[in-house]
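# Coordinate inspection notes
Next come the chains, spelled out residue by residue.
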Protein chains: 2
Amino acid sequence: MPNFAFHIMRTDGRARAGIAATPHGAFHTPAFMPVGTRGTVKAMTPRELRELGAEIVLSNTFHLMLRPGDELIRDLGGLHRFMAWDGPILTDSGGFQVFSLADLSKITEEGVTFRSPIDGAYHFLSPEKAMQVQNNLGPDIMMAFDECIPHDCSPEQVKERTERTLRWILRSRSAHARPTEQWLFGIVQGGTIPELRAWSAQRTTEIEFDGYALGGLAVGESKEAMLGAIEVAEPYLPKDRPRYLMGVGTPEDLIQAIDRGIDMFDCVIPTRNARNGRIYTSRGVLNIKNAAYARDPSPLDPECDCPTCLQYSLAYLRHLFVCNEILAARLHTTHNLHYFLNLLRAGHAAIMEGRWPQFRDDVLQRLRTASSAPDDESQPPASVE
Amino acid sequence: MPNFAFHIMRTDGRARAGIAATPHGAFHTPAFMPVGTRGTVKAMTPRELRELGAEIVLSNTFHLMLRPGDELIRDLGGLHRFMAWDGPILTDSGGFQVFSLADLSKITEEGVTFRSPIDGAYHFLSPEKAMQVQNNLGPDIMMAFDECIPHDCSPEQVKERTERTLRWILRSRSAHARPTEQWLFGIVQGGTIPELRAWSAQRTTEIEFDGYALGGLAVGESKEAMLGAIEVAEPYLPKDRPRYLMGVGTPEDLIQAIDRGIDMFDCVIPTRNARNGRIYTSRGVLNIKNAAYARDPSPLDPECDCPTCLQYSLAYLRHLFVCNEILAARLHTTHNLHYFLNLLRAGHAAIMEGRWPQFRDDVLQRLRTASSAPDDESQPPASVE
């Protein structure tokens, strides 16, 4: 795999600081991947993402295969050229969205038949199809096709779907047509049942993948259950491969997961909340609609050096938001992404410098004491931005 | 007036190339002013406007006085600081919007009582109030308060309102509290009745203003009537003062007006049409929704060197537009503003180099032969973005 490499440069406890090389450049871990569902991180240009220090972005197979279509993107030179982002891209397999967004028509061992939410047309997704679509899109990192396991499944259902996921990721691996050009990650399922999560981790890591993801978490279970599932799976994950916790999460989630050995994350929280006026700051989450900000000349966060905080007042940002101006979405997204990317950059530095425990405790302490606006982060939105 | 200066550097026929100096920097004429209704040129940052070569922007008194309020903006350091644009700003007087957008309650010689379209609250706007609001906002150029004269008024109504406008702009001049810090422009009315337009131009220019605007045009009258009104008024306009044609217009309108001695323009056409997917190119206006672009790897305009055309394909831009992505509004606005700003930059250069007639004829020829998407420019939208 000459185009790819992954090195852990330093560990501190279970926390890991690493670097991954891909055909489109390197990214440092722990890494937060902004979500670019339809081939655009909402409201942002690639240049701005670069300037914020984003090194890798995620895009969604489900959305792109339906519109504009993966073959169209392949014919136009692949997703990098299409969206004008020349850095690393990871795409999911479509599994999560097909189970959470689509009108499911039929699930068999072969795959899933569903109707498009755009036009009602029938589509089929299977391990083989998910690989073909991702081979067409051309991301640096592809995800195996797994079955989404809702939080409220019975233990029997969790077992059945976890076992099927194992068969599906094996078929994914066999169907991957460009293994020297694109990494493929396997996915561990098992819900929050320790034995099943451990079984899935063990069996999944017996299969050679370029990285391993934990799926089916941050879907409504408790924080303790999520962290427990990570702890159960982690010992099985090879130390020399990247580990990706899908769809997570809040700043606290990220710190807790890094502390348990996770390297990669994606979540719509910073971008979606930005568009809804929920702003992450060193003093907690603020709601820009708050009338108290109407005449406030201060920045969103006096400790922040993002382009939004260096130039604009709370009063102006609130005005833009109240007027439903596009610039509000832009400036708030810029700030929130900076917050998340900066948090993980600082985490990387703390691990490299051997002061992760202190950093972790400081961050968690600040997050817990921060005055927070009424908050919906305990139920993070599904990563379907 | 030490902070201000206006110099015509060269003329070619009636076309003029000049430069205006303001407390916030210079702008070249002919000048196109992007419209920033609520203190933001929709979808754009000040940095991007600078990079596109915008030298002056317009903002709307009516919108800002209602929300967030001119006193609030004053208390926060003025409109420049509020919107983080450190270049020249021109604000209108609110007259056009109060007559076209508000629920008019009462018009008297004193002023206009109206209800806010935001919350129904009663407000009063008069020459004195319009000056006070603009003194608070702090633009480099203020507009006198005039009465909007709809296209379909009777000659008697045109006469009555033109006469009242003259009284109102005189009161505006008297009420201007910061004459050394802010330019004030008078406004010529008179509809499309040659005698009234000439009378208004003569009487208005007998009053000392820092510049003179032609109002009440591009409101539904024919192109010929609009150009005729410019031709009737132009001889009265002092050659050493900037001349501003309010709310105009299409690329052809701009060329025709420059050819008749106009220096400054504002219009929502480039920005509003961009958000609606109507794109100005060297080959005519295209509609990005057109299915023919779905797989097209070409840029919007192969002759354009704007950031959008240098990076993105028609296929990608159409995809973003179809998905209602914010980035579509951004990239299309970038392109359309570049088109308008570039057109006037090229016009300035042509005048400076003594080749205006050739430039004018070439541009008009290209505009007329360009294949055009079904077009609504013959009725440009009111400048209320």
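Described in the following lines is the structure provided in the data block. (Residues numbered from 1 in each chain as written. Chains lettered and ligands numbered in written order. Predicted model: local features only at pLDDT ≥ 70, side-chain atom pairs only at ≥ 80, totals over all residues.)

## Structural notes on the overall build of chain A
Heads up, the rule is: A run of H or I in DSSP becomes a helix once it reaches four residues, and a run of E becomes a strand once it reaches two; helices and strands are each numbered from the N terminus. Residues with at least 20 other C-beta atoms within 10 Å of their own are called buried, those with 12 or fewer are called exposed, and the rest are partly exposed. The C-beta atoms themselves are positioned from the backbone. This entry defines residue contacts through backbone-placed C-beta atoms, with two residues in contact when those atoms are within 7 Å.
On a plain count of helices and strands, chain A comes out with 15 helices and 16 strands. Counting only C-alpha atoms, chain A reaches 60 × 45 × 45 Å along its principal axes. For chain A, the proportion of its 385 residues judged to be buried stands at 55%. Pairs at least 24 residues apart make up 68% of the contacts formed inside chain A by residues separated by at least 6 positions.

## Structural notes on the nonpolar core
Note the threshold: A set of buried residues qualifies as a nonpolar core if it consists of Ala, Val, Leu, Ile, Met, Phe, Trp, Tyr and Cys joined through C-beta atoms within 7 Å. Domain delimitation in this document rests on an assignment produced automatically or drawn from a domain database.
Counting residues in each nonpolar core, the largest one holds 220 residues, and the members touching the most others are Phe185(A), Leu245(A), Leu317(A), Phe185(B), Leu245(B) and Leu317(B). Formed jointly, this core draws a minimum of three residues from each of two domains, domain 1 (27-267) and domain 2 (276-369) of chain B.

## Observations regarding the sheet that holds strand β2 (residues 15-22) of chain A
Pairing between the strands of a sheet comes from backbone hydrogen bonds, and it takes one of two forms, parallel or antiparallel. Residues and elements named next belong to chain A. For the record, the criterion: Pairing between two strands requires that DSSP report at least two bridges joining them. In this analysis an axis means a line fitted to C-alpha atoms, helices contributing only their contacting stretch, and an angle means the value between N-to-C directions, from 0 to 180 degrees.
Read across the sheet, 3 strands follow the order β1-β2-β3 without closing on themselves; strand pairing throughout is antiparallel. Edge positions in the open sheet fall to β1 (5-12) and β3 (25-29), since each of these has one partner strand only. In this sheet, neighbouring strand axes are inclined to one another by 10° on average, regardless of whether the strands run parallel or antiparallel. Pairing of β1 with β2, which is carried by 7 bridges, proceeds in the antiparallel orientation. Residue pairing across strands places threonine 11 opposite arginine 16, the latter belonging to β2. Helix α14 (residues 326-352) rests against β1, β2 and β3 of the sheet, and its axis sits at about 115° to β2.

## So, the relation of the copies chain A and chain B
The following threshold applies: Least squares is used to superpose the copies, and the fit set is the C-alpha atoms of residues whose pLDDT is at least 70 in both copies.
Under the fitted operation, chain A is carried onto chain B by 0.0 Å of movement along the axis and a turn of 180°, and the coordinates agree to an RMSD of 0.0 Å. The superposition operator between the copies reduces to a two-fold rotation axis. Among all residues of chain A, the one whose C-alpha sits closest to the rotation axis is Ile326(A), at a distance of 3.6 Å. Both copies share a contact surface, since 100% of the interface residues of chain A are interface residues in chain B too.

## Things to note about the packing of helix α6 (residues 127-137) of chain A against helix α7 (residues 155-175) of chain A
Residue and element names in this part refer to chain A. Put simply, the rule is: When describing relative orientation, an angle under 35 degrees is termed roughly parallel and one over 145 degrees roughly antiparallel, while 65 to 115 degrees is termed roughly perpendicular and anything else oblique. Crossing handedness: left-handed means the near helix sits turned counterclockwise from the far one by under a right angle, and right-handed means the same turn made clockwise. Side-chain classes follow a simple rule in which Ala, Val, Leu, Ile, Met, Phe, Trp, Tyr, Cys and Pro form the nonpolar group, Asp, Glu, Lys and Arg form the charged group, and the remainder, Gly included, forms the polar group.
Running from N to C, α6 and α7 cross one another at 45°; their axes reach a closest spacing of 8 Å. In this view, α6 runs oblique relative to α7, as classed from their interaxial angle. Where α6 crosses over α7, the handedness of that crossing is right-handed. Listed contacts from α7 to Pro127, Glu128, Ala130 and Met131 of α6 are Trp168, Arg171, Ser172 and Ala175. When the residues that make up the contact of α6 with α7 are grouped by side-chain class, the tally is 5 nonpolar, 1 polar and 2 charged.

## Overview of α14(A)
Put simply, the test is: Expected helix span is given by 1.5 Å per residue-to-residue step, counting one fewer step than there are residues.
Taking 1.5 Å of rise per residue, 27 residues should cover 39 Å, and α14(A) covers 39 Å from first to last C-alpha, within 8% of that figure. Positive backbone phi, approximately 70°, marks Gly354(A), located one or two places after α14(A).

## Some words on the packing of α7(A) against helix α8 (residues 194-205) of chain A
Residues and elements named next belong to chain A. Between α7 and α8, the least distance of the axes is 11 Å, while the angle of their chain directions is 10°. As summarised for this structure, α7 and α8 are arranged roughly parallel, according to the angle between their axes. Judged by residue contacts, Val158, Lys159, Thr162, Leu166 and Ile169 of α7 engage Leu196, Ser200, Arg203 and Thr204 from α8. Classifying every residue of the contact of α7 with α8 by side-chain character gives 4 nonpolar, 3 polar and 2 charged.

## Remarks on the interface of chain A and chain B
Quite often, the size of an interface is put as the accessible area lost when its parts meet. The partner chain B presents 29 residues to the 29 residues of chain A that form the contact. Within the residue set of the side of chain A that touches chain B, elements represented by two or more residues are α3 (70-75), α4 (79-83), α13 (314-322) and α14 of chain A. With 4 residues, the single largest contributor to the side of chain A that touches chain B is α13(A). Residues belonging to the side of chain A that touches chain B are distributed by class as follows: 17 nonpolar, 6 polar and 6 charged.

## Re the pairing of strand β11 (residues 183-188) of chain B
Residue and element names in this part refer to chain B. Across the 6 residues that make up β11, a large majority, 6, are buried. Of the two faces of β11, the one lined by Trp183, Phe185 and Ile187 and the one lined by Leu184, Gly186 and Val188 are each fully buried. In this structure, strand β10 (residues 141-143) lies alongside β11, joined through 3 bridges in parallel fashion. Residue pairing for β11: isoleucine 141 is matched across the bridge by tryptophan 183.

## Considering helix α15 (residues 356-369) of chain B
Residue and element names in this part refer to chain B. Counted only if it meets this: Arc definition: directions from the helix axis to the C-beta atoms.
Helix length check: α15, at 14 residues, gives a terminal C-alpha distance of 20 Å against a target of 20 Å (1.5 Å per residue), a fit within 8%. Taken together, the buried positions of α15 are occupied by Trp356, Phe359 and Arg360. For α15, the arc enclosing every buried residue in end-on projection is 100°, short of the 170-degree limit, so these residues lie on one face. Away from its buried face by more than 90 degrees, α15 exposes Gln358, Asp361, Gln365, Arg368 and Thr369.

## Looking at the pairing of strand β8 (residues 112-115) of chain B
All names here are of chain B. Going residue by residue along β8, you find Val112 and Phe114 tucked away on one face and Thr113 and Arg115 left uncovered on the opposite face. In the sheet, strand β7 (residues 103-107) pairs with β8 via 4 bridges, with the strands oriented antiparallel. Paired with aspartate 103 across the bridge in β8 is arginine 115. Counting the residues that bridge the hairpin from β7 to β8 gives 4 residues. Where β8 meets strand β9 (residues 122-125), 4 bridges bridge the pair, whose relative direction is antiparallel. Paired with phenylalanine 114 across the two strands is histidine 123, which belongs to β9. Between the end of β8 and the start of β9, which pair antiparallel, lie 6 residues, with glycine 120 showing a positive phi angle near 80°.

## Brief notes about the sheet that holds strand β3 (residues 25-29) of chain B
Residue and element names in this part refer to chain B. Strand order in this open sheet of 3 strands is β1-β2-β3, and the pairing throughout is antiparallel. Two strands in the sheet have a free side with no partner beyond their single neighbour: β1 (5-12) and β3. Recorded for the sheet is a direction-independent mean angle of 10° between the axes of neighbouring strands.

## Here's the deal with unusual backbone geometry
The bulk of non-glycine residues show a negative phi, and the bulk of peptide bonds are trans. The omega angle of the peptide bond from Arg67(A) to Pro68(A) is 10°, so this bond is cis rather than trans. By the secondary structure assignment, Pro68(A) is in the loop between α2 (61-66) and α3. For Ala43(A), which is not glycine, the phi dihedral falls at a positive 80°. Position of Ala43(A) among the secondary structure elements: in the loop between β4 (31-33) and α1 (46-51). Backbone geometry places Asn324(B), a non-glycine residue, at a positive phi of 60°. Residue placement: Asn324(B) occurs in the loop between α13 (314-322) and α14 (326-352). With 9 C-beta atoms counted inside 10 Å, the residue Asn324(B) sits in the exposed group.

Just distances and angles here, no functional claims.
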